[in-house]
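Take a look at the letters that make up each chain.
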Amino acid sequence: MRIRATVAAVSGALALSALAVPTAQADDSRSWSADHGFTVLQPAQGDQAKRASGATAKAAKVKITSAVVNGGKPIVLAANAKKTVSFSTTATGSGLVGSAPFIWVGKSVNSGFGFGPNEKGFTCKGVNATTTTCKGTITLNPAKLKNAQAANWHVGVVAVPESGEEIQKDSVSRVKVQRLSKLTANASPEPVKKGKTITVTGKLTRANWETKKYAGYAAQPVKLQFKKKGAKSYTTVKTVKTSSTGTLKTTVKASVDGHWRYSFAGTASTPAVTSGADFLDVK
């Protein structure tokens, strides 16, 4: 099943009214986002063959050269909040109207899940006689995602020449989609006498898209760091592993006034995060 596309020119600027991107049924029957007025149609087999033949012929004239989503940076999603990110696509060829991306994750474009571009704010600009760059936004909704879909997503692109035949490339580039992480730190008791033992606790959590809450991130190495009062940088004191519920707890000797914090390097599915600093007064 596909989402048909129409690119229209209005007052010399291109506005996307409905972009053709692959629609794929995920295991839980979710499909490509249709929050922005996209129309889903099922072409007949003859129509599919005709369009495939036309796309092959046009592919020799139209070439999709680049697609960048969110400036090439990972897209980090909270537990229950939509996020809109920018995109830029470039294509070359004679008679080119425009191009726009779709992002997807899964084994194939036909069995995966993804999101298409927003109609609002979509623009295209001719760089020269044969090159066109288009810009716009894509909105991701974590409520439609599974936690396992925090991964390296494909960025596909559909380009549309004046003839109307679509040229589609399923994977032009990649973009990471990650689960937002949070980290806390608390040093106690305070104040404390010099040479006495202090306890530094904290917790590492990350977004759970399926429950729409934050849950502890278990068995992760986290650095305990210290910055002496008046110093410019932190030094790592030790590495502590999170518990089964994401909590952190360790002890150290207090020697001088300073700031304590935890720092997590991140994983493929979860971005790096550093806690706020907790100042400890040593008497």
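Our structure's up above, just so we're on the same page.
Residues numbered from 1 in each chain as written. Predicted model: local features only at pLDDT ≥ 70, side-chain atom pairs only at ≥ 80, totals over all residues. Heavy atoms only, no water.

> Explain the overall build of the protein chain to me, please; I cannot follow it from the model alone.
Within the protein chain, the secondary structure is distributed over one helix and 22 strands. Across the 283 residues in the protein chain, those meeting the buried criterion constitute 45%. Considering only residue pairs separated by 6 or more positions, the protein chain has 65% of its internal contacts joining residues 24 or more positions apart. Carbon and sulfur atoms form 51% of the exposed surface of the protein chain, whose accessible area is close to 13,600 Å². (Helix = DSSP H or I, 4+ residues; strand = E, 2+ residues; numbered from the N terminus. Buried < 20%, exposed > 50% of the residue type's maximum accessible area, 1.4 Å probe, protein only. Contact = heavy atoms within 4.5 Å. Areas by Shrake-Rupley, 256 points an atom, 1.4 Å probe, with all protein chains shown as cover.)

> I would appreciate a short explanation of the pairing of strand E10 (residues 123-126) in the present structure.
Put simply, side chains in a regular strand alternate between the two faces of the sheet. Of the pairings in the sheet, the one linking E10 to strand E11 (residues 131-140) comprises four bridges and is antiparallel in character. Across the sheet, the residue bridging to Thr123 is Lys135, located in E11. Taking the residues that link successive antiparallel strands as the turn, the E10-E11 hairpin has four residues. (Pairing = 2+ DSSP bridges.)

> Is there a simple way to think about the pattern of salt bridges in this case?
Taken as a whole, this structure holds one salt bridge when the rule is applied. The salt bridge partner of Lys283 is Asp281, with a shortest N-O separation of 3.0 Å. (Salt bridge = Lys/Arg side-chain N within 4 Å of Asp/Glu carboxyl O.)

> Just checking my understanding: could you explain the state of the cysteines for this structure?
Simply put, disulfide is the name for a covalent bond between the sulfur atoms of two cysteines. A full pass over the atoms with the stated rule returns one disulfide. The residue that forms a disulfide with Cys124 is Cys134, at a sulfur-sulfur distance of 2.0 Å. The chirality of the disulfide connecting Cys124 with Cys134 is right-handed, given an S-S dihedral of about 105 degrees. Separated by ten residues along the polypeptide, Cys124 in strand E10 and Cys134 in strand E11 bring together distant segments of the chain. Neither residue differs from the other here; Cys124 and Cys134 are each classed as buried. (Disulfide = S-S within 2.5 Å.)

> It is not clear to me how the sheet that holds strand E13 (residues 167-179) should be interpreted in this structure. Could you clarify?
Pairing between the strands of a sheet is mediated by backbone hydrogen bonds and can be parallel or antiparallel. If you trace the five strands from one edge of the open sheet to the other, you get E6-E13-E12-E8-E9, paired in mixed fashion. The strands lining the two open edges of the sheet, one partner per strand, are strand E6 (75-77) and strand E9 (113-115). Pairs of neighbouring strands in the sheet enclose a mean axial angle of 35 degrees, with direction left out of account. For strand E8 (residues 96-105) and strand E12 (residues 152-161), the ladder comprises eight bridges, and the chain directions are antiparallel. Its bridge partner lying in E12, Ser99 is registered against Ala159. (Axes fitted to C-alpha atoms, helices over the stretch in contact; angles between N-to-C directions.)

> What is the right way to read the pairing of E12 from this model?
Within E12, nine of the ten residues are buried, which leaves the element mostly enclosed by the surrounding structure. In terms of strand pairing, E12 meets E13 through seven bridges, oriented antiparallel. Residue Val155 lies in a different strand from E13, and its bridge partner there is Ser173. With antiparallel pairing between neighbouring strands as the criterion, E12 and E13 make up a hairpin whose turn holds five residues, including Gly164 at a positive phi of roughly 90 degrees.

> Before we go on, may I ask you to explain the sheet that holds E10 in this structure?
Across the sheet, which stays open at both edges, the four strands sit in the order E5-E7-E11-E10 with antiparallel pairing between neighbours. Strand pairing shows two members of the sheet lacking a second neighbour, strand E5 (63-69) and E10, which therefore form its edges. Strand-to-strand twist in this sheet, taken as the mean axis angle between neighbours without regard to direction, amounts to 20 degrees. Direction of pairing for strand E7 (residues 83-92) relative to E11: antiparallel, over a ladder of ten bridges. By the bridge assignment for E11, Ser88 is matched with Lys135.

> Just checking my understanding: could you explain the packing of aromatic side chains for this structure?
The relation between two aromatic rings is expressed through the spacing of the ring centres and the mutual angle of the planes. Tallying each qualifying case throughout the model produces five aromatic pairs. Ring geometry for Phe115 versus Trp153: centroids 6.2 Å apart, planes at 10 degrees, classification stacked. Of the two residues, Phe115 sits in strand E9 while Trp153 sits in strand E12, which places them 38 residues apart along the sequence. By relative accessible area, which is 0% here, Phe115 ends up buried. Judged by its relative accessible area of 0%, Trp153 is buried. Judged by centre distance (4.5 Å) and plane angle (45 degrees), the ring pair of Phe226 and Trp260 falls under tilted. Of this pair, Phe226 sits in strand E17 (residues 221-228) while Trp260 sits in strand E20 (residues 258-264), and the two are 34 residues apart along the sequence. (Phe/Tyr/Trp six-rings, centres within 6.5 Å; stacked < 30°, edge-to-face > 60°.)

> Just to check I follow, could you spell out the nonpolar core for this structure?
Looking at soluble globular proteins, one finds that nonpolar side chains tend to be buried together. Grouped together as the largest cluster of nonpolar side chains are 32 residues, with contacts concentrated most on Ile75, Ile103, Phe115, Leu140 and Trp153. Counting residues per element, the ones that place at least two in this core are E5, E6, E7, E8, E9, E11, E12 and E13. Among the nonpolar cores identified, the runner-up in size contains 21 residues, and Ala187, Phe226, Leu248 and Val252 belong to it. (Core = buried A, V, L, I, M, F, W, Y, C linked by side-chain atoms within 4.5 Å.)

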